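Below, each chain spelled out in residue letters.
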Amino acid sequence: MEKKKKPAARMENKKRPAARMEKKKKPAARADDQAVRHMDVRRALGVITRGFVLCMFVIHALSISGNYMQIRYKQRVYVLLLTLMAAATLLVLFYQAAQGRRPGFGFKKWAKCIKIHEYMLLGYWAVMLLSALLSPYQENVWLGVTRPEGFWLQSAYIASFFMISRFYKPDERDMLVYVSVMALISVYGVFQYYGLDFLELAPEEFYGPKLLLFSTINNRNVASTLLVMAFGFGVVMFTQKSKKRDWAYFVCALILFYALLITDTESGYVGLLLAGALSLALLVRDRHMAARLCALFACFFALLFINGSVYPLLQTGWEGWFAPWPFGGLLAIAPYAAGAFAAAAALFKFLKVKTPKISGKVWRRGWPVLFIALLVLLCACMPVIAGATQLRSFDELNEMLHGNIEDTFMSNRAYIWSRALTLVPDRPLIGHGPDAFEAAFKVFYDESAELFGVYFDKAHSEWVQALVDVGALGFAALMGFYGALFYAARKKTGNTFTLALGFAMLVYVIQAAFNFATPVAHPIVWTVWGVFGARIQNDDESELPAI
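Residues numbered from 1 in each chain as written. Predicted model: local features only at pLDDT ≥ 70, side-chain atom pairs only at ≥ 80, totals over all residues. Heavy atoms only, no water.

1. Some thoughts on the overall build of the protein
A tally of regular secondary structure across the protein gives 21 helices and zero strands. Looking at the protein as a whole, 49% of its 547 residues are labelled buried. Partitioning the intrachain contacts of the protein with sequence separation of at least 6 by distance along the chain shows that 77% fall at a separation of at least 24. When the accessible surface of the protein is summed, it comes to about 27600 Å², and 66% of that surface belongs to carbon and sulfur atoms. (Helix = DSSP H or I, 4+ residues; strand = E, 2+ residues; numbered from the N terminus. Buried < 20%, exposed > 50% of the residue type's maximum accessible area, 1.4 Å probe, protein only. Contact = heavy atoms within 4.5 Å. Areas by Shrake-Rupley, 256 points an atom, 1.4 Å probe, with all protein chains shown as cover.)

Dropping the structure here:
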């Protein structure tokens, strides 16, 4: 009988693996709990970075400095906000460590999921550091001078990009806040332009019957940089979407267009025209988009007419504005403006309903031919356009197309660029050091003072300044960062939010070739770069290591 019981004991032993299997399930449950904790941490970091983004769009943009040259005020606002975001992030991570939770990432995991554009940006930072260490202008390169953007501040820009692109969860409403704030700044700038500078922010030497737009930014070139990005984003959001709330972008776009018009700087329009031409196949993919875009153009022409009609009234003083119609005054403009807006509405309705639909395949193949044809036509008609408009910009462009380039062209930019490029061969690879342009350009101090009566501390081109400051290696890394971001976004252009962000930043990159930005504009620019990077990363969250 005892021998017969042995199989039963064996059967009991066979049950033991099952018990072991039950024990093995516990680590899986712990892993699930850890994943939940990591998700909570990511959510907390998302809230922190979103708070920073909104603060940059509101507080930094609206913070007022009575004088543009008191630029360190804006710089301190940015550094304070970035410090608060970094401190809050460290507190979250320390709290996680205090709870006995090991971080769910390591260096190898992070290295595997770094994107190409992030490698490019890290390469730019490394070249910038090497350039600063070897620069002959040590008193300039670390903190910068005059309108300072030395190594430390540019490192802060890069750090903010990484934090936003990694932890921020993109929200379309945040960008609507940015566009709305820029429109608000523009409204005050328009009042300021017409002599109603309530806060007296414009420099005293510019008071008179007609001002330039300064608003809270206090520099029309820097204002153009911020406004043109918001304008580009708003135009795409309005033309690509059909919800009623998207008409808010239409209103903001009109305000921003008029503000750009009275900044009296052409770099923004160059960026918009070239970016629009390059993105035409994406911006106009059906009748609905074409209708909205054409309606916008009609309204823009109405604003051009209004601006041209208002200027004569300024010469007569405020009494001219209230002269009885039809003899003059503001009411004399109303019928023409109303007619232009009515034409825009009719055009919108006609294009949306009556026009035939062009297939996407035909449009994608045909738009490069259309772009080249329009470019050739523009160059051929440039002498006629320059003569008809009597605008200096078209006249200068006509001369440059014929190979005649004078130092005074583009508000003396031709002089600055031609002299700045002669500094590049002195230190071709790593440049003279971050923000060392002013010190390196001092060899032309006497010449510029004699010719123009001014001294240039910026290249008035971010591309040229990058070549001088960080050399060919730094310039290539920076352009590689831009290009890699746009290349990564190429397959996501079906998403309106991604397309709008990409178009806004493409406009910025192109206009930066003819413009400059400072600690007034660059913090917001790099914040938008971070939002764009986060939008690209958002579709690949599975690749990111848990935190």
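2. Thoughts on the side chain of D171
Here D171 is to be found in the loop between helix 6 (151-167) and helix 7 (172-193). For D171, the residues in contact, after removing those within four places along its chain, are R50 and F497.

3. A look at the side chain of T498
Residue placement: T498 occurs in helix 20 (residues 496-511). Among the polar contacts made by the side chain of T498, one reaches the side chain of R535 at a distance of 3.2 Å. Not counting residues within four places of it along the chain, the set of residues in contact with T498 comprises A489, K492, F532 and R535. (Polar contact = N/O pair within 3.5 Å; in protein donor to acceptor, adjacent residues only side chain to side chain.)

4. Some remarks on the nonpolar core
Generally speaking, nonpolar side chains in soluble globular proteins are found buried as a group. Formed by 112 residues in total, the largest nonpolar core has its most connected members in M175, Y178, M182, F231, F233, Y508 and W529. Considering every element that reaches this core, the biggest residue donor is helix 8 (residues 220-240), with 13 residues. If we skip the residues at most four places from it in the chain, W529 touches F161, F481, Y482, L485, F486, M505, Y508 and V509. Core analysis: the next-biggest nonpolar cluster, separate from the first, contains 14 residues, Y415, A440, F456 and V464 among them. (Core = buried A, V, L, I, M, F, W, Y, C linked by side-chain atoms within 4.5 Å.)

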